[in-house]
Structure formats: structure tokens, C-alpha cells
Amino acid sequence: MTDLARTPLYELHVELGAKMVPFAGYAMPVQYPMGVLKEHLHTRSAAGLFDVSHMGQAMLSGPSWEAVAEAFEALVPMDVLGLDDGRQRYGLFTNDAGGIEDDLMFARRGDELLVVVNAACKAADFARMRAGLPDEIAVTELADRALIALQGPAAAVVIEDLDPAASDMRFMDVADLSLCGHAVWASRSGYTGEDGFEISIPADEAETLVRSLLTQRDVAPIGLGARDSLRLEAGLCLYGHDIDAMTGPVEAGLSWAVQRVRRPGGARAGGYPGADVIAEALAQGVARQRVGLRPEGRAPMREGVQLFDAEEGGAQVGTVTSGGYGPSVEGPVAMGYVTAPHAAVGTRVWGEVRGKRLPVDVAALPFVPANFKR
Amino acid sequence: MKFTEEHEWLREEDGVMVVGITTHAAEQLGDVVFIELPEEGTTVSKDDEVVVIESVKAASDILAPVDGEIVEVNSALADNPGAVNDDPQGEAWFFKMSVSDASQLDEFMDEPAYQKFIA
């Protein structure tokens, strides 16, 4: 793994006994000695600390907030201009075919926009922003900042104890906090379905802060293995698996992320890549949809499992895009795409696992109720 | 107890071989969440895929270590696959099999040899 990039917390992961694996060009902890199952359950019952420093952070600045926001709206089908200071939104970079190039979080910090993108896409995303934004908008890659997430019902207790200002933050708020003497940018968000915070901190301060957080009661380090099962149970998409350049926001079940003001008839409708395709999908519906899938038996149905409309014969009606064991559900869970006639919750389909067709029902997402601070 | 290069162990008991996976294999697999066992009475050949074991990470096949017949399976594992992580070389055996050709057992390792194999 010598050719892999390292986050500022690499040495600490190794010291904590993490199993390091390659992920998006980085050596990342897939699990610690606690193991994936217990790490998952710990996050749902206490607080899990994640290193997500491999993700890309960039700051967009320009002559005014309006200039930054309007420019960014040319790249995403989201309402950026309407974002209040100190608020964050989920977003999507789209392409001309209406597919998703990446999913992201963007937050308004005064007149600037903080953008957080997936590790595997970050080089392309930074290039896309530099090419797609006018010269007056500066795109500054924040390679000198680490990103950590503290997730779970005890996360708020820990962070509010360190900085009481955190108690004023609701889901998707962003604020400057002081944690153990470190000035950080915090957002009340995450990707586990739990309440929690994502914390951007200068890279050279990250290890000290993380060591302090790990001394707090209820806080344990959590690897990418549990991060994956947590987000799957929460019904959240993993880019490159559940959404990709060939998948549009409507079929992905992400229409909620396209605010009314950017839809046909809205004040700032269209004006982003693939707007016509996405407008048509919103109006006409789509041929396939992302759904939750709950296998009836105990066998996990993993990515790539083909879904059929009959136990024998019949036709393929879909494919699993993420699947595995849900520790909180205590059984297998999956997400995938099925044709529209099979997308209703409760529809029985069959997944082909090792040559056998096993029953699986279309299920509501998320599999576990979201636990955000509204 | 004998060990295979596929990280299985075999223990003779009442004239049949009890088969499971090693502590090392269980650690490498991670938390086991699903096990599919063969039917009792199945005739198997060496290297047939007889057990499917899924951990939180991935699915793996367990191969028949020798030719013979599956005479008993540990059906308790289906409801409690995590036992494979708790006691892989004890309670969490997979199946018992008769052995057609005892000479096939000769190639397997003893414990010190296996420890060296995984070191």
C-alpha cells in the first residue's frame, strides 16, 4: 500500500489496530479490533468517530454570496441562492444526459460556499468546478484540512460538552466551534442516519483533536466497513454503486434534492447540465426506480444480484446495487433498481444468489428510522 | 486435530471427521452473518463447495477436505452464525463426514505446521 495516499490520521489508525485497505487511492481503516458488527451497533447506541479526510473539501469564493451561489447553480440542480448563512444542503453534480457525476454537501459560510465531495470523484469535481465556474469565482482546494465525523446518539453530548454553542445547531446547520482548543468548522450532519457532526479541521491539528475525542466516554473509532452498513440501513446512496453517471436523480429517488425553484415553472428553472432530461423525468416519471430490498431469508444479497419477477423463468426486473447484512435490522438489507411496475413497497421479487432464486420484498427506506435533530 | 491449506480443521470423533474453520480463518473473515450448510447424506468429492459462509465483508466457500459423505451438519449455526467468531475450533463445527480414502488425510498439517503456514 506504499503508493496509496494517507490521511493525517493514518499513524493513529495503525496505532489503534485498524485493518487498513485501499479505498479511492487512500489507505483507509476498514475496521478496528472491535469489528464491523460491533462498530456499527456502537455508532447506533453511543458515538462513532470516522476519518473521512479522504473526501474532497473546496471553498468557493467570489465578489459576493450571490455571485458564488448563482455560478454554482450552473453545475447543480439545487437551490443554492436560497441557502441561508450557516446552512448546508445535499447536492448532485449532473451531466448533459441528466446522470449524476457525484453527490456532495455544500454549506454557506458567510459569502463563501464550502463543498465536500467524494474521494474517488474529487479530482474530476475540482476540475469540473474550475472549468464550469466564471473566472471571478475562486475554487480553493482545502487539501490542508482533515474531515472527521462523530455520529450517534451520544455525539451531541460529547460535542456540546466541549462547546455549548453546538446545542443551538439543528440538522444541516454549520457553525464554527472550539473543540479542545481547536477552531473547527462543524456541520450537524453525517451519513449514518444518526444525529452527529462532521468536523473540518486543519490537517496538522486533526490527530490531537481525535485523540481527545477518543478519551470521551462513549466514543470509539469506526471504520469504513461499518460506515457502509450504517449508510445502507439509512437508505443513503453510495456513489459509484447506487448512483452513477448513467443514473438520474428522479430514478435514484433523489427528486427531493431538486428544489422547486430549479424545476420547470420555478424562478430559476433549469440552467444546469441535463436540465431538460431531468425536467422530463420529473414530469413523465421514469422506467426504473431505486428501492429498498428486504430478503426474506438470511442470505445477504450483495451488489450485482439480479432480480426477477418469478421464482422460475420470468424476466429480470432489476439489480441490487448495495447489499449486505444490517446489524441493527438483524438481517440482510439491500438497495437496487427495479422497473416501475415492481417499485411499490411490498412487491415480491426474487434475487438470484449462487444460482438459486430467493424471495425478496421491495421495502421502504430507510430500514432504520433517521435520528436527526430537527 | 489436522489442518488444511484452506484453513479448515479436521478432528476425528467416533469414526468420522468433524470439520470447521480455524481461528485464523474466522478472524480474517470478520463477523459471520450467514451460513448455508449441505444436506446430510450428500456424497462429496474433495474440493467440492459444501458450505457457503458470509461475513459482513464477503461470501466465501468452504470446500470438502476429502472424498466422503456428509453424515451430520451443525444446524444450530444457521440461527447463530456468529458462533463461528466466538468458538471456531470448538462449538462452531460445520459438518461431520465419513472418509472414503483415508490416505487423503496424510497431506494435512498438524498444529505446529499450520501455525508456521499462517505465520
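Every residue gets a number counted from 1 within its own chain, in the order that chain's sequence is written. Going through the entries in the order they are written, you letter the chains from A and number the ligands from 1. Totals for whole chains, interfaces and linings use all residues, but because this is a predicted model, local features are given only for residues with pLDDT of at least 70 and pairs of side-chain atoms are given and counted only at 80 or more.

A. Focus on the overall build of chain B. Here a helix means four or more residues in a row that DSSP labels H or I, a strand means two or more in a row labelled E, and each is numbered from the N terminus. For chain B, the count of helices and strands is four helices and nine strands. Secondary structure elements in chain B, listed N-terminal to C-terminal, are β-β-β-α-β-β-β-β-β-α-α-β-α. Structurally, chain B occupies a C-alpha span of about 35 × 35 × 25 Å along its principal axes. Once C-beta atoms are placed from the backbone, each residue is buried if 20 or more other C-beta atoms lie within 10 Å of its own, exposed if 12 or fewer, and partly exposed for counts between those two. Counting over 119 residues, chain B shows a buried share of 39%. By the convention adopted here, residues are in contact when the distance between their C-beta atoms, placed from the backbone, does not exceed 7 Å. The contacts of chain B with a sequence gap of at least 6 include a subset with a gap of at least 24, amounting to 61%.

B. Representation of the overall build of chain A in the model. Summing up its helical and strand segments, chain A has eight helices and 19 strands in all. Here the globule rule reads 2.2 Å times residues to the power 0.38, and the radius of gyration is calculated from C-alpha atoms. Here chain A has a C-alpha radius of gyration of 21 Å; the compact-globule value for 374 residues is 21 Å, and the two agree. In terms of overall dimensions, chain A has C-alpha extents of about 65 × 50 × 40 Å along its principal axes. For chain A, with 374 residues in total, the buried portion stands at 49%. For chain A, the proportion of contacts with a sequence separation of at least 24, taken over those separated by at least 6, is 66%.

C. Highlighting the packing of helix H2 (residues 36-45) of chain A against helix H7 (residues 224-233) of chain A. All names here are of chain A. Inter-axis angles, ranging from 0 to 180 degrees, are taken between N-to-C directions of lines fitted to C-alpha atoms, where helices are fitted over the stretch in contact. Between H2 and H7, whose axes approach to 8 Å, the crossing angle comes to 55°. Regarding the angle of H2 to H7, the classification is oblique. Of the two elements, H2 crosses H7, and the hand of that crossing is right-handed. Here Val36, Glu39, His40 and Thr43 of H2 come into contact with H7, specifically with Gly225, Ala226, Ser229 and Leu230. Here the residues of the contact of H2 with H7 are counted per class, giving three nonpolar, four polar and one charged. Roughly parallel means an angle under 35 degrees; roughly antiparallel means over 145; roughly perpendicular covers 65 to 115; every other angle is labelled oblique. If you view the pair so one helix is near and one far, a crossing is left-handed when the near helix is turned anticlockwise from the far one by less than a right angle, and right-handed when it is turned clockwise. The residue classification treats Ala, Val, Leu, Ile, Met, Phe, Trp, Tyr, Cys and Pro as nonpolar and Asp, Glu, Lys and Arg as charged. All others, Gly included, are polar.

D. Main features of the nonpolar core. Membership of the largest hydrophobic core comes to 136 residues, with the highest contact counts inside it found for Val115(A), Ile148(A), Leu150(A), Val158(A), Leu293(A) and Phe94(B). An automatic or database domain assignment supplies the residue ranges for each domain. Mapping this core onto the domain boundaries places at least three of its residues in each of domain 1 (10-53 + 144-233) and domain 2 (287-363) of chain A. Not counting residues within four places of it along the chain, the set of residues in contact with Leu150(A) comprises Ala47(A), Leu49(A), Ala155(A), Val158(A), Ile159(A), Gly196(A), Phe197(A), Ile199(A) and Leu213(A). By convention in this section, buried Ala, Val, Leu, Ile, Met, Phe, Trp, Tyr and Cys residues joined through C-beta atoms within 7 Å make up a nonpolar core.

E. Local environment of the UniProt feature "domain: Lipoyl-binding" (unreviewed entry) in chain B. The UniProt record marks residues 16-98 of chain B with the feature "domain: Lipoyl-binding" (unreviewed entry), using the residue numbering of this structure. Secondary structure over residues 16-98 of chain B splits into 18% helix and 42% strand, and the C-alpha atoms at its two ends are 5 Å apart. UniProt positions are given in the numbering used here, feature names are shortened, and annotations may be inferred rather than shown by experiment.

F. Expanded view of the UniProt feature "modified residue: N6-lipoyllysine" (unreviewed entry) in chain B. UniProt's entry tags Lys57(B) with the feature "modified residue: N6-lipoyllysine" (unreviewed entry), counted in the numbering of this structure. Along the chain, the position of Lys57(B) falls in the loop between strand S6 (49-55) and strand S7 (59-63). For Lys57(B), a count of 19 C-beta atoms within 10 Å translates into the label partly exposed. The residues touching Lys57(B), leaving out its near neighbours within four places in the chain, are Gly225(A) and Gly30(B).

G. A look at the UniProt feature "domain: GCVT N-terminal" (unreviewed entry) in chain A. Those residues carrying the UniProt feature "domain: GCVT N-terminal" (unreviewed entry) are residues 9-259 of chain A in this numbering. For residues 9-259 of chain A, the helix share is 26%, the strand share is 31%, and the end-to-end C-alpha distance is 37 Å.

H. Inspection of the domain arrangement of chain A at higher detail. Residue and element names in this part refer to chain A. If you check the domain split of chain A, you get domain 1 (10-53 + 144-233) and domain 2 (287-363). Its C-alpha centre places domain 1 at a distance of 32 Å from the equivalent point of domain 2. Opposite the seven residues of domain 1 that make contact, domain 2 presents nine residues. Of all the elements in the fold, those that place two or more residues in the side of domain 1 that touches domain 2 are H2 and H7. Here the element with the most residues in the side of domain 1 that touches domain 2 is H2; it accounts for four residues.

I. Here's a closer look at the sheet that holds strand S9 (residues 145-151) of chain A. Residue and element names in this part refer to chain A. Being paired, for any two strands, means DSSP has found at least two bridges between them. Sheet architecture is open: six strands sit in the order S10-S11-S12-S9-S3-S13, paired in mixed fashion. Strand pairing shows two members of the sheet lacking a second neighbour, strand S10 (174-179) and strand S13 (219-221), which therefore form its edges. Sheet twist, expressed as the average angle between the axes of neighbouring strands with direction ignored, equals 30°. Sheet analysis places strand S11 (residues 182-187) next to strand S12 (residues 196-202), joined by three bridges and oriented antiparallel. What sits directly across from Ser187, in S12, is Glu198. In this fold helix H5 (residues 155-162) packs onto strand S3 (47-51), S9, S10, S12 and S13, with an angle of close to 125° to the strand it touches most, S9.

J. Local environment of the interface of chain A and chain B. Residue-level contacts link twelve residues of chain A with nine residues of chain B. Of all the elements in the fold, those that place two or more residues in the side of chain A that touches chain B are H2, H7 and strand S16 (316-326) of chain A.

K. View of the pairing of strand S2 (residues 26-31) of chain A. Residues and elements named next belong to chain A. Counting buried residues in S2 gives five out of six residues, a clear majority hidden from the surface. Where strand S1 (residues 19-23) lies against S2, five bridges are found, and the strand directions are antiparallel. In the strand pairing of S2, Met20 is matched with Pro29. Here S1 hands over to S2 after two residues, with Ala24 in that stretch at a positive phi of 50°.

L. Structural detail: the environment of Thr43(A). Residues and elements named next belong to chain A. Relative to the assigned elements, Thr43 resides in helix H2. Along the primary structure Thr43 and Ala252 are separated by 209 residues, whereas in three dimensions their C-alpha atoms are 26 Å apart. Not counting chain neighbours up to four residues away, the residues in contact with Thr43 comprise Gly48, Gln151, Gly152, Thr192, Glu194, Ile222, Ala226 and Leu230.

M. Broad picture of the environment of Glu280(A). Mapping Glu280(A) onto the fold places it in helix H8 (residues 275-284). Taking the C-alpha atoms as reference points, Glu280(A) and Gly314(A), separated by 34 residues in sequence, lie 30 Å from one another.

N. Structural context of the sheet that holds S7(B). Residues and elements named next belong to chain B. The three strands lie next to each other as S4-S6-S7, forming an open sheet whose pairing is antiparallel. Of all strands in the sheet, those bounded by a partner on one side alone are strand S4 (32-36) and S7. Averaged over neighbouring strand pairs, the angle between their axes works out to 25° when direction is ignored.

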